[in-house]
Amino acid sequence: MMTAGRMLIDQKLTIAFAESATAGRLAAEFSMIENAGKFLKGGIVCYDACLKENLLSVDHTLIQTYTPESMEVTQAISHGLSRLIPADILIGVTGLTSAGGSETAEKPVGTVFIYANHQGELAFSQRFNFTGEREDIVAATVESCATLLVEYLHSI
């Protein structure tokens, strides 16, 4: 996490989050990094599908077709965030941290989607299948997102 923060500062990049499954945990964790004000713009918690639609302009048919917890919707919330928070890197996260969502045999609880765009272009995207309790899944998502971000920042 600290490495990601230092790299964002060194590269003079800003970041914002659209969080469903992690419900603000990414923004909270990144805010704890020293000098976070130099790179962290903020975040939106869009746990409910209606917020994805109404706040982040995700098309209702996209949610109906792919479910709120899908890579397609994760990409859409990432892009929708750009209208609300001006940042260089915009990261969206959706997923299933507990039963009661759109889980199936092909998409069980623990499935998480991360999509990041950098100035409107794909930076990285990944589907994960974590195990454990809700807290374990959220913690693994935050750590994996930070790792993907560091890998991306090394590549640019």
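Residues numbered from 1 in each chain as written. Predicted model: local features only at pLDDT ≥ 70, side-chain atom pairs only at ≥ 80, totals over all residues. Heavy atoms only, no water.

(A) How the structure looks around the environment of H79. Inspection of the secondary structure assignment puts H79 in helix α5 (residues 71-81). Here H79 falls in the partly exposed class, since its relative accessible area comes to 27%. A C-alpha to C-alpha distance of 17 Å links H79 and G24, two positions 55 residues apart in sequence. Leaving out residues up to four positions away in the same chain, H79 has contacts with Y115, N117 and G120. (Helix = DSSP H or I, 4+ residues; strand = E, 2+ residues; numbered from the N terminus. Buried < 20%, exposed > 50% of the residue type's maximum accessible area, 1.4 Å probe, protein only. Contact = heavy atoms within 4.5 Å.)

(B) Layout of the side chain of T111. Inspection of the secondary structure assignment puts T111 in strand β4 (residues 111-118). Separated by 3.0 Å, the side chains of T111 and N129 make a polar contact. Excluding anything up to four places from it in sequence, T111 contacts G95, L96, R127, F128 and N129. (Polar contact = N/O pair within 3.5 Å; in protein donor to acceptor, adjacent residues only side chain to side chain.)

(C) Summary view of the sheet that holds β4. Spatially, five strands are ordered β2-β1-β3-β4-β5 in an open sheet, and the strand pairing comes out mixed. Whereas interior strands pair on both sides, the edge strands pair on one side only; in this sheet they are β2 (40-45) and β5 (121-129). Strand-to-strand twist in this sheet, taken as the mean axis angle between neighbours without regard to direction, amounts to 10°. Strands β1 (15-19), β2, β3 (89-95), β4 and β5 of the sheet are contacted by α5, whose axis makes an angle of about 35° with β4. Across the sheet, helix α6 (residues 134-155) lies against β1, β3, β4 and β5, angled at about 145° from β5, the strand it touches most. (Pairing = 2+ DSSP bridges. Axes fitted to C-alpha atoms, helices over the stretch in contact; angles between N-to-C directions.)

(D) Geometry of a nonpolar patch on the surface. A surface patch of nonpolar side chains, amounting to about 200 Å² of accessible area, comprises L51, L55 and L84. On the basis of relative accessibility, which here comes to 34%, the residue L51 falls in the partly exposed class. (Patch = residues over 30% accessible without salt bridge, like charges linked within 9 Å, V, L, I, M, F, W, Y side chains within 5 Å. Areas by Shrake-Rupley, 256 points an atom, 1.4 Å probe, with all protein chains shown as cover. Salt bridge = Lys/Arg side-chain N within 4 Å of Asp/Glu carboxyl O.)

(E) Quick look at the packing of helix α1 (residues 2-10) against α6. Between α1 and α6, the least distance of the axes is 9 Å, while the angle of their chain directions is 35°. α6 is crossed by α1, and the crossing has left-handed handedness. Facing T3, A4, M7 and L8 of α1, the residues of α6 in contact are A146, L149, V150, L153 and H154. Across the contact of α1 with α6, the residue classes break down as seven nonpolar, two polar and no charged. (Left-handed = near helix turned anticlockwise from the far one by under 90°. Nonpolar A, V, L, I, M, F, W, Y, C, P; charged D, E, K, R; others polar.)

(F) Quick peek at the nonpolar core. With 33 residues, the main nonpolar core has F30 and I91 as its most contacted residues. Counting only elements with at least two residues in this core, the list comes to α1, β1, α2 (25-31), β3, β4, β5 and α6. Counting residues per element, this core draws most heavily on α6, which supplies nine residues. With near-sequence residues (within four places) excluded, F30 lies in contact with M1, A4, L8, F17, A36, F39, L40, A146 and L149. Residues A16, V73, L81 and L90 belong to the second largest nonpolar core, which totals 14 residues. (Core = buried A, V, L, I, M, F, W, Y, C linked by side-chain atoms within 4.5 Å.)

(G) Here's a closer look at unusual backbone geometry. Of note, K12 is a non-glycine position whose phi angle comes to about 55°, a positive value. Within the fold, K12 resides in the loop between α1 and β1. Its relative accessible area of 72% is what places K12 among the exposed residues. At T67, a position not held by glycine, the phi torsion is positive, near 80°. With respect to the helices and strands, the residue T67 is situated in the loop between α4 (60-66) and α5.

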